[in-house]
Amino acid sequence: MIEIIPAIDIIDGRCVRLSQGDYGARKVYDASPEDMARQFEDAGMRRLHLVDLDGAKSSSPCNLKVLEKIASFSGMKLEWGGGIKTSEALASVFNAGADYAVCGSVAARQPDLFDGWLNEFGPERMVLGADVRDGKIAVAGWLEESEATIESLVERFLPGGLSQVICTDISKDGMLAGPAFDLYCKLQGEWPVIDFTVSGGISGMADIEKLSDLGLRKVIIGKAIYENRISLKDIERWSLNA
């Protein structure tokens, strides 16, 4: 069964969700990131996806205090993305309690640096974040576009041991209209040694069931939870059967 990974997107220390990566179309939720993390862990989740949207925009982690707080009480594995552009930033993320670092802009713009991190920290801790818009990788909090494609990045880092990729279809993200099933099936079929995490567009448990049936291994869900399309009870039931 596919593993569900809940997401917490953070701006100014608060839970938010964007639509198609538009910072101007944000929605702020009442629950704090710490409260949501506790609820996800109580529902049986083993891994949590945290995105520092301030960090992604400013090119440096901005909400590490949130990460530190969650790491202080949670037994979940924590993956953190947003603003990891330098070795110092990467070290600060790991020191704050992250188990995995998700890197997109560096991988697209400074591939040799990401290669070095893969070698130093290992593919078990370094995750390629491939955020796709019209076939190209978007960077800098999705505000800019690179010339790289997800296929070119996977091929670039595979010799270095790349084993984890989070692929977000930006056109689907936050729209609750279903994920890009064909894209993920193509990627997983072409590179079976890599764990591709589906991200963007999940509208309900039916999407998760279909992805699981198609052989996908991991899926991130965010807005569907916050908009009550998927309940914590649904997640708990799924985790008990996983």
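Now for a quick tour of the structure. (Residues numbered from 1 in each chain as written. Predicted model: local features only at pLDDT ≥ 70, side-chain atom pairs only at ≥ 80, totals over all residues. Heavy atoms only, no water.)

1. Some details on the pairing of strand E10 (residues 164-169)
The buried count for E10 comes to six of six residues, which makes it a mostly enclosed element. By the alternation rule, side chains of E10 split into Gln-164, Ile-166 and Thr-168 and Val-165, Cys-167 and Asp-169, which are all buried. Bridge analysis of strand E7 (residues 126-133) against E10 gives five bridges, and the strand direction is parallel. Bridge pairing in E10 links Leu-128 to Val-165. (Buried < 20%, exposed > 50% of the residue type's maximum accessible area, 1.4 Å probe, protein only. Helix = DSSP H or I, 4+ residues; strand = E, 2+ residues; numbered from the N terminus. Pairing = 2+ DSSP bridges.)

2. Observations regarding helix H3 (residues 64-73)
Here H3 has its buried residues at Leu-64, Val-66, Leu-67 and Ile-70. All buried residues of H3 lie within an arc of 150 degrees about the axis, which places them on one face of the element. Among the exposed residues of H3, those oriented more than 90 degrees off its buried face are Lys-65 and Ser-72. Each element contacted by the buried residues of H3 is listed here: strand E1 (3-11), helix H1 (33-42), strand E4 (47-52), strand E5 (77-81) and helix H4 (87-95). (Arc of directions from axis to C-beta. Contact = heavy atoms within 4.5 Å.)

3. Observations regarding the nonpolar core
The biggest cluster of nonpolar side chains holds 70 residues, and the ones touching the most others in it are Ile-8, Phe-114 and Ile-208. Each residue touching Ile-208, except ones within four places of it in the same chain, is listed here: Ile-2, Ile-4, Ile-202, Val-219, Ile-221, Ile-230 and Trp-238. Within the second largest apolar cluster, seven residues are counted, among which are Ile-5, Tyr-100, Val-102 and Ile-166. (Core = buried A, V, L, I, M, F, W, Y, C linked by side-chain atoms within 4.5 Å.)

4. Some points on the side chain of Ser-146
For Ser-146, the location among the structural elements is in the loop between strand E9 (144-145) and helix H7 (150-157). Side-chain polar atoms of Ser-146 contact the backbone nitrogen of Ala-148, separated by 3.2 Å. Setting aside residues up to four positions removed in sequence, Ser-146 forms contacts with Ala-108, Lys-136, Ile-137 and Val-139. (Polar contact = N/O pair within 3.5 Å; in protein donor to acceptor, adjacent residues only side chain to side chain.)

5. Considerations on unusual backbone geometry
The phi angle of most residues is negative, glycine excepted, and most peptide bonds adopt the trans form. The backbone of Asp-12 sits at a positive phi, close to 55 degrees, despite the residue not being glycine. Among the secondary structure elements, Asp-12 is positioned in the loop between E1 and strand E2 (14-19). Taking relative accessible area as the criterion, Asp-12 reaches 60% and is therefore assigned exposed. Notably, Asn-228 is not glycine yet its phi reads approximately 65 degrees, a positive angle. Mapping Asn-228 onto the fold places it in the loop between helix H10 (223-226) and helix H11 (232-241). Residue class for Asn-228 comes out exposed when judged on its relative accessible area of 70%.

6. Observations concerning H4
Among the residues of H4, those classed as buried are Ala-89, Leu-90, Val-93 and Phe-94. Buried residues of H4, viewed axially, fall in a sector of 135 degrees; they line one side. Away from its buried face by more than 90 degrees, H4 exposes Glu-88 and Asn-95. Packed against the buried residues of H4 are H3, E5, strand E6 (100-103), helix H6 (111-121) and E7. A positive phi of about 120 degrees marks Gly-97, the residue just after H4.

7. Quick word on the pairing of E1
Buried residues dominate E1, accounting for nine of its nine residues. On E1, burial covers both faces: Glu-3, Ile-5, Ala-7, Asp-9 and Ile-11 on one face and Ile-4, Pro-6, Ile-8 and Ile-10 on the other are all buried. Summarising the sheet, E1 and strand E12 (residues 218-221) pair through four bridges and their orientation is parallel. Paired with Pro-6 across the two strands is Ile-221, which belongs to E12.

8. A look at the pattern of salt bridges
Overall, the coordinates contain 11 salt bridges when judged by the stated rule. When the shortest N-O distance is used, the salt bridge between Lys-136 and Glu-147 registers 3.2 Å. Residue Lys-136 is located in strand E8 (residues 136-139), and its partner Glu-147 is located in the loop between E9 and H7; the two are separated by 11 residues in the primary sequence. You can call Lys-136 partly exposed: its relative accessible area is 23%. With its nearest N and O atoms 3.3 Å apart, the salt bridge here joins Lys-186 to Glu-151. Of this pair, Lys-186 sits in helix H8 (residues 181-190) while Glu-151 sits in helix H7, and the two are 35 residues apart along the sequence. For Lys-186, a relative accessible area of 43% puts it in the partly exposed group. For Glu-151, a relative accessible area of 26% corresponds to the partly exposed category. Residues joined in a network through salt bridges with shared partners are Asp-112, Asp-115 and Arg-156. (Salt bridge = Lys/Arg side-chain N within 4 Å of Asp/Glu carboxyl O.)

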